[in-house]
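# Commentary on secondary and tertiary structure
Single-letter residue listing:
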Amino acid sequence: MVKVAVLGAAGGIGQPLSLLLKINPKISELSLFDVVNVPGVGADLSHINSDSTTSSHLPSSREDKTALASALKGADLVVIPAGVPRKPGMTRDDLFNINAGIVKSLAEGIAENAPNAFVLIISNPVNSTVPIVAETFKKAGIYDPKKLFGVTTLDIVRANTFISQLYPKETKPSDFNIAVVGGHSGETIVPLYSLGNSGSYLEKLSEEDKKKLINRVQFGGDEVVQAKNGAGSATLSMAYAGYRLAESILKAVDGSSGITECAFVDLDNTAIKGAKEAKELVGLGFFSLPVVLGPGGAEEVKYDVLEKASAEEKKLLEVAKEQLAKNIEKGVAFSKQ
Ligand code: NAI
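Residues numbered from 1 in each chain as written. Predicted model: local features only at pLDDT ≥ 70, side-chain atom pairs only at ≥ 80, totals over all residues. Heavy atoms only, no water.

### A look at unusual backbone geometry
With an omega dihedral of -5°, the bond running from Asn124 to Pro125 counts as a cis peptide bond. Note on placement: Pro125 falls in the loop between strand 5 (118-121) and helix 5 (126-140). Residue Asn37 is not a glycine yet carries a positive backbone phi of 55°. With respect to the helices and strands, Asn37 occurs in the loop between strand 2 (29-33) and helix 2 (38-46). (Helix = DSSP H or I, 4+ residues; strand = E, 2+ residues; numbered from the N terminus.)

Okay, here's the thing in structure tokens:
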């Protein structure tokens, strides 16, 4: 019996993500929470003849905390795509002022009502919202770093697609599983194309094309923001990516071994194997790295990718670290206010 709650379920990401979760046979109860429109989304999804039940939770006022509590009670996994998305010209950091408060209040709700749940943060800026959730959980005394994940999966999904598009005859996107490390915005996103089976394809590119490819992964979200022309950012590809991470976690919880996904996790703890060594290499409390998943969540971070990265990638990592440090600090400072 697995209960999954989606907070922000009526949004652009929330709706397709909920649809995918609705058809996952491992999920027995899908619980949808939003501050608008969620009864309609829930009624619609509830007609699907998969075996899970669907419930919708809409607060009656800003002060009403009972809807969030009932959405979260007993949840095993919580996904958060709540908040505002970018418009053209905005960076993810521009969303901080609105989304930081939303994520903090939802984290307080989780601490109170679902303290043992796996928590997946989609709301941007992920580089800051994940530290906010960690601090909120610490304050509540329920923090388990192995269960908190910043969702950077879309960067991996894009990295796989974009390199394959350069070699349409020889490759398919599914041939790749690029390690994308660092954070989740612009230059904090570092795809390690030199590693694994993408290495030989990367080598065949000119220096200029290599730069273009990396830049496309780092700023791929902007392509969608511009194409949507004011109507938001990536929602469908993001729902797919968020679902991929949720599905992998559910599989690992169910006993599948050897599942690894990149995610933005806490390195400031000894609960996750390799976190201490990774922290020594990057000097930051949070970083996205390949994470080995197990029944307890993030079992191990694979920091060896940082050592194996090419000289060019190591330079990109330095740039990423500098920005990421500020983003993390901003989140920590906010939650201590
Ligand atoms: P959206 O505006 O379509 O949906 C957001 C939903 O959150 C709305 O339904 C809204 O009512 C709801 N919401 C607002 N305050 C809430 C609260 N206090 N509690 C519960 N729900 C609340 O936005 P969209 O496109 O779904 O994006 C959501 C977030 O995901 C944004 O912050 C966006 O930047 C982020 N995002 C993250 C990505 C990633 O790779 N991690 C990729 C794309 C977007």
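After that view of the structure, there is still more to cover.
### Section: the nonpolar core
Most often, soluble globular proteins have nonpolar side chains that are buried together. Leu7, Leu120, Phe149 and Phe287 are the most contacted members of the largest nonpolar core, which has 89 residues in total. In terms of residue count, the dominant contributor to this core is helix 10 (residues 236-253) (nine residues). For this core, the two domains that each supply at least three residues are domain 1 (3-150) and domain 2 (152-337). With residues up to four places along the chain from it excluded, the contact list for Leu7 reads Phe33, Leu68, Leu72, Val78, Val79, Ile80, Pro81, Ala82, Leu106 and Ile110. (Core = buried A, V, L, I, M, F, W, Y, C linked by side-chain atoms within 4.5 Å. Buried < 20%, exposed > 50% of the residue type's maximum accessible area, 1.4 Å probe, protein only. Domains from an automatic or database assignment. Contact = heavy atoms within 4.5 Å.)

### Here's the deal with the site of the ligand
Around the ligand there are 29 residues in total, and Gly12, Ile13, Asp34, Gly83 and His184 lie nearest to it. Within the backbone of Ile13, a nitrogen or oxygen atom sits 2.8 Å from an oxygen atom of the ligand. When the ligand sits alone it has 870 Å² of accessible area, and the protein chains cover 86% of it. At three residues, the largest contribution of residues to the shell around the ligand is made by helix 4 (residues 96-113). Split by residue class, the shell around the ligand holds 18 nonpolar, ten polar and one charged. Taken domain by domain, the shell around the ligand gets at least three of its residues from each of domain 1 (3-150) and domain 2 (152-337). (Near = heavy atom within 4 Å. Polar contact = N/O pair within 3.5 Å; in protein donor to acceptor, adjacent residues only side chain to side chain. Areas by Shrake-Rupley, 256 points an atom, 1.4 Å probe, with all protein chains shown as cover. Nonpolar A, V, L, I, M, F, W, Y, C, P; charged D, E, K, R; others polar.)

### A look at the packing of aromatic side chains
Taken as a whole and assessed by the stated rule, the structure comprises four aromatic pairs. For the pair Tyr167 and Tyr201, a centre-to-centre distance of 4.8 Å together with 55° between the ring planes defines the contact as tilted. On the criterion of sequence distance, the pair formed by Tyr167 in the loop between helix 6 (153-166) and strand 7 (180-182) and Tyr201 in helix 7 (residues 199-203) is long-range, its members being 34 residues apart. For Tyr167, a relative accessible area of 9% gives the class buried. On the accessibility criterion, Tyr201 (17% relative accessible area) is buried. Geometrically, the ring pair formed by Phe264 and Phe286 is stacked, given 5.9 Å between the ring centres and 25° between the ring planes. In this pair, Phe264 sits in strand 9 (residues 259-266) while Phe286 sits in strand 10 (residues 286-294), placing the two residues 22 residues apart along the sequence. The class of Phe286 is buried, set by a relative accessible area of 6%. Of note, Lys147 hangs over the ring of Phe118, and the distance from its end group to the ring centre comes to 4.9 Å. Lying over the aromatic face of Phe162, Arg216 brings its terminal NZ or CZ to 3.7 Å of the ring centre. (Phe/Tyr/Trp six-rings, centres within 6.5 Å; stacked < 30°, edge-to-face > 60°. Lys NZ or Arg CZ within 6 Å of the ring centre and 35° of its normal.)

### Quick look at the environment of Lys65
Locating Lys65 in the fold gives a position in the loop between strand 3 (53-57) and helix 3 (66-72). Sequence-wise, Lys65 and Glu312 are 247 residues apart; in three dimensions their C-alpha atoms are separated by 49 Å.

### Notes on the UniProt feature "domain: Lactate/malate dehydrogenase N-terminal" (unreviewed entry) in the protein chain
In the numbering used here, UniProt assigns the feature "domain: Lactate/malate dehydrogenase N-terminal" (unreviewed entry) to residues 2-150. Across residues 2-150 one finds 39% helix and 17% strand; the C-alpha atoms that close the span lie 21 Å apart. (UniProt positions renumbered as here; feature names shortened; annotations may be inferred.)

### As for the pattern of salt bridges
In total, this model carries 18 salt bridges according to the counting rule given. The shortest N-O distance in the salt bridge between Lys3 and Glu29 comes to 3.8 Å. With Lys3 in strand 1 (residues 3-7) and Glu29 in strand 2, the pair connects residues that are 26 residues apart, well separated along the chain. The partner of Lys308 in a salt bridge is Asp304, and the shortest N-O contact between them spans 2.8 Å. One end of the pair, Lys308, and the other, Asp304, are both in helix 12 (residues 304-308), four residues apart, so they sit about a helical turn from each other. By relative accessible area, Asp304 is classed as partly exposed at 26%. (Salt bridge = Lys/Arg side-chain N within 4 Å of Asp/Glu carboxyl O.)

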